[in-house]
Amino acid sequence: MNANETADKVARAMLAAEGTGPAWGLAIEETREGYARVSMRLRADMLNGHGTAHGGMIFALADTAFAYACNSRNVRTVAAQASISFLDAAGEGELLVAEASEQALQGRSGVYSVTVRGDDGRIIAIFQGLSRSVGGPIIGDET
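Quick look at the structure, then. (Residues numbered from 1 in each chain as written. Predicted model: local features only at pLDDT ≥ 70, side-chain atom pairs only at ≥ 80, totals over all residues. Heavy atoms only, no water.)

Counting 36 residues, the largest nonpolar core has V38, L61, Y68, L96, V114 and V116 as its most contacted members. Mapped by element, the contributors of at least two residues to this core are α1 (3–17), β2 (35–41), α3 (55–70), β4 (95–106), β5 (109–117) and β6 (123–133). Of all the elements, α3 adds the most residues to this core, at 11 residues. Contacts of L61, omitting those with residues within four sequence positions, involve L26, V38, S39, M40, L96, V97, A98 and V116. (Core = buried A, V, L, I, M, F, W, Y, C linked by side-chain atoms within 4.5 Å. Buried < 20%, exposed > 50% of the residue type's maximum accessible area, 1.4 Å probe, protein only. Helix = DSSP H or I, 4+ residues; strand = E, 2+ residues; numbered from the N terminus. Contact = heavy atoms within 4.5 Å.)

So this is what it looks like as structure tokens:
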């Protein structure tokens, strides 16, 4: 199995083991080593009191893309720090796409940038995450 096939199997195994992603209708669009793109269509129960996407839902989508990207080498890796800047609103029915890219990997630490875009390509939010590997595989050789 090559590195990109491993990344895809890891992301799909993580999604299958989560309660959150399936509950939100999260879809994996593309994964490869150090990279993940995931999407989620906004439902009424994902909106805040202003009728726009709840910031926690946008953060969760970005955090999920970050998780799949930083675990793509099949080494258990967790978030050490994350921040997000919300730049635009998104509404019910809109498809949000989060694209995570590895910016640096040094020892057990990694830095990832995630851009969340709306249907029309506008930037909804920019997320930056710092990862820390804790060791051990996510999937075995038989997966």
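A full pass over the atoms with the stated rule returns 10 salt bridges. Among the ionic pairs, E29 bridges to R37, the shortest N-O distance being 3.0 Å. Taking relative accessible area as the criterion, E29 reaches 36% and is therefore assigned partly exposed. Salt bridges sharing partners connect three or more residues here, namely E29, E30, R32 and R37. (Salt bridge = Lys/Arg side-chain N within 4 Å of Asp/Glu carboxyl O.)

So, about the environment of A62. Note on placement: A62 falls in helix α3. The class of A62 is buried, set by a relative accessible area of 0%. Taking C-alpha positions, A62 is 9.0 Å from Q128, a pair spaced 66 residues apart along the chain. For A62, the residues in contact, after removing those within four places along its chain, are A98, V114, V116 and F127.

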